[in-house]
Amino acid sequence: MCSSDLRQPDGSFTMHVDGEVDIRGVYCALSVARITNIYTSSLFTLTDLWLADCQTYEGGFGACPGMEAHGGYSFCGLAGLMLMQKGKLCNIDNLLRCTSNKQMRLEGGFQGRTNKLVDGCYSFWQGGVFPLLHDLLPSEELEVGKCEHWLFNTEALQHYLLICCQDHRGGLKDKPGKSSDFYHTCYGLSGLSVCQNFIGDNLVSSNVVGDARSEERRVG
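Values in this document were obtained by computation on a predicted structure and should not be read as measured data.

What counts, and where the lines are drawn
Residues numbered from 1 in each chain as written. Predicted model: local features only at pLDDT ≥ 70, side-chain atom pairs only at ≥ 80, totals over all residues. Heavy atoms only, no water. Helix = DSSP H or I, 4+ residues; strand = E, 2+ residues; numbered from the N terminus. Buried < 20%, exposed > 50% of the residue type's maximum accessible area, 1.4 Å probe, protein only. Contact = heavy atoms within 4.5 Å. Areas by Shrake-Rupley, 256 points an atom, 1.4 Å probe, with all protein chains shown as cover. Salt bridge = Lys/Arg side-chain N within 4 Å of Asp/Glu carboxyl O. Patch = residues over 30% accessible without salt bridge, like charges linked within 9 Å, V, L, I, M, F, W, Y side chains within 5 Å. Phe/Tyr/Trp six-rings, centres within 6.5 Å; stacked < 30°, edge-to-face > 60°. Lys NZ or Arg CZ within 6 Å of the ring centre and 35° of its normal. Core = buried A, V, L, I, M, F, W, Y, C linked by side-chain atoms within 4.5 Å. pLDDT = per-residue confidence, 0-100. Axes fitted to C-alpha atoms, helices over the stretch in contact; angles between N-to-C directions. Left-handed = near helix turned anticlockwise from the far one by under 90°. Nonpolar A, V, L, I, M, F, W, Y, C, P; charged D, E, K, R; others polar. Expected span 1.5 Å × (residues − 1).

A. Structural detail: the overall build of the protein. Secondary structure summary: the protein contains 10 helices and two strands in total. Counting across all 220 residues of the protein, residues that qualify as buried make up 49%. For the protein, the proportion of contacts with a sequence separation of at least 24, taken over those separated by at least 6, is 56%. Accessible surface computed for the protein: about 11600 Å², of which carbon and sulfur atoms make up 52%.

What follows is the structure, encoded as structure tokens:
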């Protein structure tokens with residue numbers, strides 16, 4: 001089985017044979033095609049337009065056209081478009097506003113959807129959108145020469161992850177009162193790395209809250 005077996009006429013991809021259509025399937029297909037160097041425009045005909053149709057009135061992306069905006073789907077949608085070098089097909093301003101508004105003022109962490117609780121895993125799914133947006137925003141609008149951090153409160157998110165999401169038994173968790181697990185540990189650490197490492201056109205900087213031992217080293 002290959003990606004072409006899962007491709008649909010409208011450019012979308014199913015999650016598996018006879019499975020549901022989902023933006024995660026498109027992102028996975030694009031990632032695999034790029035990593036294995038089998039990407040062709042014919043394999044992904046109309047996929048860019050399908051991804052763009054997944055952007056909602058809120059500004060984020062849903063699982064498929066017409067569905068509710070969600071942090072994980074927003075990352076997959078924007079990353080998918082950028083893997084096709086079509087990032088500017090989305091409404092960048094609306095996506096930036098939507099994603100930045102998902103960082104909660106009290107906790108400092110991100111919620112995944114409107115009116116939902118903060119969850120540690122969205123430290124990456126929402127936080128990871130900002131480095132992608134940084135590459136898309138016009139230099140004159142972003143003022144790249146003056147920008148020394150991503151366009152969200154990186155210190156507040158670090159506080160949430162380090163104070164509220166660490167489990168005394170090891171690992172990271174969704175929120176206080178929950179248990180740690182591999183999923184939230186992976187995406188909590190990934191979000192922490194995004195917070196701590198800024199890479200602009202003319203600047204590479206780090207911003208580590210608290211003990212230096214909390215630093216997530218940048219790879220590459």
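Anyway, onward from the coordinates.
B. Summary view of the pattern of salt bridges. As enumerated under the stated definition, the model contains five salt bridges in all. A salt bridge links Arg 24 to Asp 22; the shortest N-O distance between them is 2.8 Å. Residue Asp 48 pairs with Lys 86 through a salt bridge whose shortest N-O separation is 2.8 Å. Placement of the pair is Asp 48 in helix α3 (residues 47–53) and Lys 86 in the loop between α4 (71–83) and α5 (92–100), with a sequence separation of 38 residues. Judged by its relative accessible area of 10%, Asp 48 falls in the buried class.

C. View of a nonpolar patch on the surface. A contiguous nonpolar surface patch, about 250 Å² in accessible area, is contributed by Leu 46, Leu 49 and Leu 89. Along the polypeptide, Leu 49 turns up in helix α3.

D. Layout of the packing of aromatic side chains. As enumerated under the stated definition, the model contains 13 aromatic pairs in all. Their ring planes at 75° and their centres at 5.9 Å tell us that Tyr 27 and Phe 75 sit as a pair that is edge-to-face. Linking Tyr 27 in helix α2 (residues 23–35) with Phe 75 in helix α4, this pair joins segments that are 48 residues apart in sequence. The partly exposed category is assigned to Tyr 27, whose relative accessible area is 23%. Ring centres 4.7 Å apart and planes at 35° place the aromatic pair Trp 125 and Tyr 187 in the tilted group. Taken as a pair, Trp 125 in helix α6 (residues 122–125) and Tyr 187 in helix α10 (residues 182–196) lie far apart in primary sequence, 62 residues in all. Neither Trp 125 nor Tyr 187 differs from the other in exposure class; each is buried. What links up through ring pairs into an aromatic cluster is the set Tyr 27, Phe 75, Phe 124, Trp 125, Tyr 183 and Tyr 187. Over the aromatic face of Tyr 39 sits the side chain of Arg 34, whose NZ or CZ is 3.7 Å from the ring centroid.

E. Examining the nonpolar core more closely. Grouped together as the largest cluster of nonpolar side chains are 50 residues, with contacts concentrated most on Ile 23, Phe 44, Leu 51, Phe 61, Leu 78 and Phe 152. Put simply, the parts of the chain that give this core at least two residues each are α2, α3, α4, α5, α6, α7 (129–136), α9 (154–164) and α10. Here the element with the most residues in this core is α4; it accounts for six residues. With residues up to four places along the chain from it excluded, the contact list for Leu 51 reads Ile 23, Val 26, Leu 30, Phe 61, Gly 77, Gly 80, Leu 81 and Met 84.

F. Structural context of the environment of Gly 200. Tracing the chain through its elements places Gly 200 in the loop between β1 (197–199) and β2 (204–206). For Gly 200, a relative accessible area of 14% puts it in the buried group. On a C-alpha basis, the gap between Gly 200 and Cys 147 in space is 7.6 Å, while along the polypeptide they are 53 residues apart.

G. Layout of the confidence of the model for the protein. Of all residues in the protein, 89% have pLDDT values of 70 or greater, and the mean over the chain is 90. Highest mean pLDDT in the protein belongs to α3 (98); lowest belongs to helix α8 (residues 139–142) (54).

H. Structural context of the packing of α2 against α4. Relative to each other, α2 and α4 sit at 35°, their axes nearing to 9 Å. Relative to α4, α2 is oriented so that their crossing is left-handed. The segment α2 lies against α4, with Ile 23, Arg 24, Tyr 27, Leu 30, Ser 31 and Arg 34 engaging Tyr 73, Phe 75, Cys 76, Gly 77, Ala 79, Gly 80 and Leu 83. For the contact of α2 with α4, the per-class residue count stands at eight nonpolar, three polar and two charged.

I. Expanded view of α4. Over its 13 residues, α4 runs 18 Å from end to end, which matches the ideal 18 Å to within 8%, given 1.5 Å per residue. Summarising burial for α4: 11 of the 13 residues are buried, a large majority. Taken together, the buried positions of α4 are occupied by Gly 71, Gly 72, Tyr 73, Ser 74, Phe 75, Cys 76, Gly 77, Leu 78, Ala 79, Gly 80 and Leu 81. For α4, the secondary structure elements touched by its buried residues are α2, α3, α5, α6 and α7. A positive backbone phi angle near 60° is found at Gln 85, which sits one or two residues after α4.

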